[in-house]
Every structure is written in structure tokens, then in C-alpha cells.
Amino acid sequence: MKLDIYKMLKKGLSVLLFGTILSPLYSQTTVLEVDYPSAADLKTVVDGGKLSQSVMGKSSDSITVSSIEELRAAARMSGKIVTMTPGLYIVENTMPDDVKTIFHFSGSNNQFIFEDVTIQVPTEVLAAMGPGSVHEFAGYRMDGSNILFRGGLFENTGDKKPYKSLAQFEVRGNNIRFVHSKFIIRGSSPYGYGDMYGKGSGSSVALYKHSAMSILGDNVTVDSCDFTVHAYGHGIHIHGSQNTVLRSINMEGILRPTDEIYEETSGPAFDFDFTIQYPDWMLGWPIPKGEMLSLTEDGIRAYLDGTDVNGVSRRTGTILVENCRVNRMRGGITLAIQSGKATVSNCIVTGCDHAYSFASEAVVRNCKGDAAFGPLLALPYSNKRNSDIELELIPADTVMGTHPLAEISGSGHKITIIKNEADSMYAGREIRVGDVGSRYTEENSTDAELQSAHKASAIVLNNQTICPVVLTKYSSSCTVTSPDGSVQNNGTGNTIK
């Protein structure tokens with residue numbers, strides 16, 4: 001059939017053309033015509049089901065689906081505008097031909113409209129997936145390209161652990177956008193202890209992680225979406241992707257007072273006499289009291305590299321994060337091992353184990369955060385350099401723990417910490433230059449190893465708060481301006497203004 005895009009634009013309809021969404025904003029006098037495959041070519045579908053007569057009666061470029069089976073079938077087509085009938089849909093099983101996947105979006109050049117749609121995946125379904133190995137499972141597997149998801153609530157119900165660790169959304173395709181969608185993630189094990197009983201192979205307790213979204217494709221945008229993560233896993237984690245855009249995201253995790261763990265009468269904490277089992281150098285340490293523990297991983301996390309849809313391994317590229325809010329996750333915006341450049345602006349992070357961390361050459365502007373349960377800023381890798389960071393310290397409802405305000409290593413960073421009325425709340429909490437904190441320090445390291453891990457050189461710090469600055473013995477050639485906070489200089493060649 002022929003599609004007159006100009007006529008559709010004049011009527012106020014959005015059109016998908018080779019992965020680009022055209023709207024009335026771009027309406028011009030040019031008339032474009034595009035050929036689409038006919039519906040007759042699409043009658044044979046897998047998944048053990050068939051598209052209903054109402055679906056097949058639609059034109060081939062625009063279809064309506066009203067069941068899980070119809071959505072699964074449409075997800076394998078290409079060049080479609082797929083609208084799901086509003087309502088609640090509950091998934092009862094994996095894909096009939098793939099026990100490692102709930103939905104497989106393998107088609108390309110598609111729009112999926114989920115306005116007023118809720119799709120629930122009970123954790124019992126995740127637990128029944130398999131057999132298979134770690135990294136083979138996904139809730140929504142997306143390896144097609146040029147796909148738009150608009151609207152929808154995608155929710156887990158229950159609290160069973162998945163068969164293997166997985167991401168609810170595995171985004172491997174390129175040019176994929178999520179707009180105005182909501183995600184609620186549940187189901188992991190052990191849950192309630194962070195990673196104090198290990199992660200990966202060799203864990204003292206087998207770990208079944210469950211993250212919200214794993215991004216591996218290029219030109220992926222998540223815009224105006226809400227995430228609620230009540231499982232041990234990341235909110236959004238990025239692996240090898242190029243040009244990732246995260247905009248106007250609200251990310252909510254969950255916290256637990258460590259004192260509450262001591263009330264348990266069964267479970268891993270009880271079995272290990274309330275001691276920590278990971279990392280190895282903290283083996284046997286008592287779980288600290290009087291602190292707040294995040295039950296998730298990081299809100300927005302970047303890794304060094306990843307494998308694309310074609311199986312090619314590459315380093316993670318540029319990331320843009322703007323106007324995002326992260327609350328009560330382990331780390332807020334955690335880009336410390338990204339290899340590309342990050343631009344972060346107009347973000348707020350609260351109630352996390354640490355609010356912000358960055359790699360080399362990051363640019364951070366107009367961002368805010370608290371230090372309620374962990375540092376406002378953590379730069380834990382001494383090989384990272386030349387980031388330009390401005391953060392405003394904001395008040396918290398409560399402050400717990402013995403953490404510093406900031407832990408800083410690396411070289412050539414320019415860091416400004418802006419004061420506001422929160423200053424008195426954090427009085428005495430140190431900004432430590434040449435210190436990456438106990439989490440990244442092995443207790444029995446040699447002095448040379450400690451120097452390599454903690455070193456901070458040629459860092460320019462502008463401390464506008466009343467909090468004290470400590471330049472450790474691992475700092476050198478740093479310049480500190482701190483008109484209202486004391487400065488202790490234990491390093492070499494440092495300048496205090």
C-alpha cells in the first residue's frame with residue numbers, strides 16, 4: 001500500500017520513517033510515499049498463536065493488539081505502528097519457543113503505543129525460566145532497531161528470585177527510545193543485604209540479580225520514564241553503548257537500617273553470625289550498626305565495555321544524563337569506569353551510599369546531592385583524569401554513618417562543592433583528597449599499592465562549604481581554596497589558598 005505521510009502530518013498523526021518519528025512539528029510541503037509489506041505476507045506467526053481477525057483486518061502499517069500472544073507476534077514484525085488496547089495484561093509463561101525470554105522484540109522500524117496499558121510479569125514466571133546460563137536470560141529482549149516504546153507500566157509482582165540473574169529489559173538494538181514509560185522491578189536473592197554475601201562466582205550465598213534495564217545498543221534514549229527498583233540490581237546499566245541519552249528519569253530504590261538486620265532469626269546474616277563475607281578483605285567484619293543500607297545496586301551505572309547486537313566487543317562511549325532524579329539507590333549516577341565522556345546536568349541524587357562518581361573528562365553542571373548515608377562525591381580510580389565537576393550539597397532528612405563528604409583520587413580534576421543551608425548538618429565531615437575509602441582499599445596492601453590506589457595529583461578543589469579538607473599523604477601538586485573550611489595538608493607540593 002502507499003502511505004501519504006504529508007496527509008497524515010496535516011491530520012496531526014505521528015509517522016515512523018526508517019526509525020525517525022515525524023510529527024506535525026516537522027510538517028513541510030513535501031509529499032513522501034513509502035511502500036510497506038502487505039498484511040497477507042504476515043499471516044504466519046510463531047508463538048503458537050495467531051493474530052486476531054481484528055488485527056489482521058487493519059492496514060499493514062498500523063495494527064492493534066489486545067493480548068500477550070498478539071503483542072509477541074507483532075514484536076517480530078517490522079515497519080509497524082502497534083497500539084495495545086488499554087488494560088491490564090498478566091504474563092503466564094515464557095515465549096513458547098524460547099524459555100529464556102518473556103518478550104522478544106526482533107522486528108525493526110516499529111512504534112509500540114502502550115498508553116494506559118499495564119503488563120505484569122509475576123516473579124513466578126521469572127523463576128520458571130530455563131534451563132540456561134547466566135547472561136542468557138531477559139524479560140523484554142530487544143535486538144531489533146529503530147523502535148519506540150511510548151507509555152505503559154511494566155511491572156513485576158511477587159518476590160521470587162529469577163531462574164538466573166537477568167535484566168527486565170535487555171536493549172541490544174540501535175536507535176531505541178523509551179518515552180513516558182514506568183518500570184517496577186521485584187524479585188532477587190538474597191535480598192536485604194546489598195552485596196555483603198558476594199556477587200558473581202565464589203559468592204558465599206548464590207546471588208540472583210534482577211536489574212531494570214541493560215543498554216548495549218547505540219543511540220538509545222530513555223526519556224521521561226519512572227523506575228522503581230525493589231530488587232538487588234541496577235536501575236539502568238550501560239555496556240559498550242555509543243551515544244546514550246538519559247533524560248528526565250525518576251529512579252527510586254529502597255533502604256534498610258543495618259540495625260534491623262540484627263533482629264533476624266534466620267537467613268544469611270543469621271547463618272554467618274551477622275558478619276560480612278564480601279569483599280574478601282572484609283571477611284568476618286561485623287555488619288556495622290547505625291548505618292543505612294541500600295538494597296539495590298546503582299541507579300545509573302556505566303561499565304567499561306560490552307558486546308553489541310553483532311557480538312562485537314567495544315568500549316562504552318558518550319553518555320548524556322540530564323534532569324534526572326535518583327533516590328535511595330546504592331550509587332546515584334555512577335559513571336566511574338566509563339571509557340567515553342559523560343555530560344551530566346540538572347540532576348539531583350539523594351539518600352544513596354554515594355551520590356556521584358565519574359571517570360575521565362566528565363563535565364558536570366548544576367547538579368545537587370546530599371551526603372545522608374554516604375559521600376556526595378566518590379572518585380575511586382586514580383587513573384581517571386581531567387573531569388570538571390560542580391556539585392551543590394543539599395540538606396537531608398537525616399544523616400547516618402561515619403562517611404566523609406567526598407573521597408577523591410585521580411589527576412587534573414577541577415571540583416567545586418557549592419554550599420547552601422545544608423552546611424551545618426554535615427559539619428566535621430571531611431573532603432578527603434588522596435583517599436578512595438575503605439571499600440576500594442585492601443587491608444594488607446603494601447605502601448606502594450596504597451600509593452597507586454589513592455594518589456591524587458594536580459587537582460583543583462574549590463570548597464565553598466564549612467566542611468574540612470584533608471589532603472592525605474597520597475596527594476601532590478593539588479590546589480585548594482576553602483575560605484570557610486579548615487585544610488589539613490599531609491601531602492607534597494600542595495597549595496592552599
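Residues numbered from 1 in each chain as written. Predicted model: local features only at pLDDT ≥ 70, side-chain atom pairs only at ≥ 80, totals over all residues. Heavy atoms only, no water.

What follows covers the overall build of the chain. Helix and strand content of the chain: 7 helices and 47 strands. Within the chain, buried positions represent 54% of all 497 residues. When contacts within the chain are restricted to residue pairs at least 6 apart in sequence, long-range pairs at least 24 apart make up 68% of them. Accessible surface for the chain amounts to roughly 20,500 Å². Of this, 49% is attributable to carbon and sulfur atoms. (Helix = DSSP H or I, 4+ residues; strand = E, 2+ residues; numbered from the N terminus. Buried < 20%, exposed > 50% of the residue type's maximum accessible area, 1.4 Å probe, protein only. Contact = heavy atoms within 4.5 Å. Areas by Shrake-Rupley, 256 points an atom, 1.4 Å probe, with all protein chains shown as cover.)

The pLDDT averaged across the chain works out to 88; a share of 87% of its residues lies at or above 70. Low pLDDT, under 50, characterises residues 1-59; the predicted model gives this stretch 97 contacts beyond four residues in sequence or across chains. (pLDDT = per-residue confidence, 0-100.)

A separate point is the nonpolar core. If you look at the biggest cluster of nonpolar residues, it comprises 98 residues, and the most contacted ones within it are Ile119, Phe178 and Tyr356. Each residue touching Ile119, except ones within four places of it in the same chain, is listed here: Ile68, Leu71, Met84, Tyr89, Val91, Phe103, Phe114, Tyr140, Leu153, Phe154 and Glu155. Counting 12 residues, the second largest nonpolar core, distinct from the first, contains Tyr193, Tyr197, Trp281 and Ile287. (Core = buried A, V, L, I, M, F, W, Y, C linked by side-chain atoms within 4.5 Å.)

Looking now at the pairing of strand β28 (residues 319-322). Where burial is concerned, the two faces of β28 differ: the one with Ile319 and Val321 is buried and the one with Leu320 and Glu322 is not. Strand direction decides the pairing type here: strand β21 (residues 244-247) and β28, joined by 4 bridges, are parallel. Its bridge partner being in β28, Thr244 is matched across the sheet by Ile319. (Pairing = 2+ DSSP bridges.)

For Asn383, the position within the fold is in the loop between β35 (377-379) and β36 (388-393). Separated by 73 residues in sequence, Asn383 and Ala456 have C-alpha atoms that sit 9.3 Å apart.

Right, let's get into the sheet that holds strand β41 (residues 456-457). Spatially, the 3 strands line up as an open sheet ordered β38-β41-β44, and their pairing is parallel. Strands with a single pairing partner mark the edges of an open sheet, and in this sheet they are β38 (410-411) and β44 (475-476).

Counting through the fold element by element, Ser294 comes out in strand β24 (residues 292-294). Aside from chain neighbours lying at most four places away, what touches Ser294 is Gly194, Ile254, Leu255, Arg328, Met329, Arg330 and Asp353.

To continue, consider the packing of aromatic side chains. Under the criterion given, the structure shown has 26 aromatic pairs. Ring geometry for Phe103 and Tyr140: centres 4.8 Å apart, planes at 20°, overall stacked. Within this pair, whereas Phe103 is found in strand β8 (residues 101-105), its partner Tyr140 is found in strand β11 (residues 138-142), the two being separated by 37 residues in sequence. This pair shows no difference in class: Phe103 is buried, exactly as Tyr140 is. Ring centres 5.7 Å apart and planes at 55° place the aromatic pair Phe112 and Phe149 in the tilted group. Taken together, the positions of Phe112 in strand β9 (residues 110-113) and Phe149 in strand β12 (residues 147-150) put the pair 37 residues apart, joining distant regions of the chain. There is no split in this pair, since Phe112 and Phe149 are both buried. Among the aromatic residues, those joined into a ring-pair cluster are Phe103, Phe105, Phe112, Phe114, Tyr140, Phe149, Phe154, Phe169, Phe178, Phe183 and Phe227. (Phe/Tyr/Trp six-rings, centres within 6.5 Å; stacked < 30°, edge-to-face > 60°.)

With that settled, the discussion passes to the environment of Gly233. Relative to the elements of secondary structure, Gly233 occurs in the loop between β19 (226-230) and β20 (236-238). What Gly233 contacts, discounting residues up to four positions off in sequence, is His210, Ser211, Thr296, Glu297 and Met329.

Another point: the pattern of salt bridges. Applying the stated criterion to the full structure yields 24 salt bridges. The salt bridge involving Arg76 is made with Asp97; its shortest N-O contact spans 3.0 Å. A residue pair is termed long-range when its members are at least 10 positions apart, and Arg76 in the loop between α3 (68-74) and β6 (81-84) and Asp97 in the loop between β7 (87-90) and β8 qualify at 21 residues. Owing to a relative accessible area of 27%, Arg76 belongs among the partly exposed residues under this scheme. Ionic pairing is found between Arg141 and Glu170, a salt bridge with its closest N-O pair at 3.1 Å. With Arg141 in strand β11 and Glu170 in strand β14 (residues 166-171), this pair connects stretches of sequence that are 29 residues apart. (Salt bridge = Lys/Arg side-chain N within 4 Å of Asp/Glu carboxyl O.)

Burial along β9 is two-sided: the face carrying Asn110 and Phe112 and the face carrying Gln111 and Ile113 are both buried. In this sheet, β9 lies alongside β6 in parallel orientation, the contact comprising 3 bridges. From the neighbouring strand, Val82 faces β9, where its bridge partner is Phe112. When β9 meets β12, the two strands line up parallel, connected through 4 bridges. Bridge assignment links Asn110 to a residue of β12, and that residue is Ile147.

Let us look at the environment of Met251. Examined against the element boundaries, Met251 turns out to sit in strand β22 (residues 250-252). Distance in space between the C-alpha atoms of Met251 and Asp298 is 9.9 Å, their sequence separation being 47 residues. If we skip the residues at most four places from it in the chain, Met251 touches Phe227, Val229, Gly235, Ile236, Gly299, Arg325, Val326, Asn327 and Met329.

Right, let's talk about unusual backbone geometry for a bit. Cis geometry is adopted by the peptide bond preceding Pro131, which originates at Gly130 and carries an omega value of 10°. Among the structural elements, Pro131 can be located in the loop between α4 (123-127) and β11. In the segment running from Ser189 into Pro190, the intervening peptide bond is cis, with an omega of -10°. Notably, His135 is not glycine yet its phi reads approximately 75°, a positive angle. Take His135: it is sitting in the loop between α4 and β11. Among the residues examined, His135 registers a relative accessible area of 70% and is labelled exposed. Even without glycine at this site, Ser477 takes up a positive phi of about 55°. With respect to the helices and strands, Ser477 occurs in the loop between β44 and β45 (479-481).

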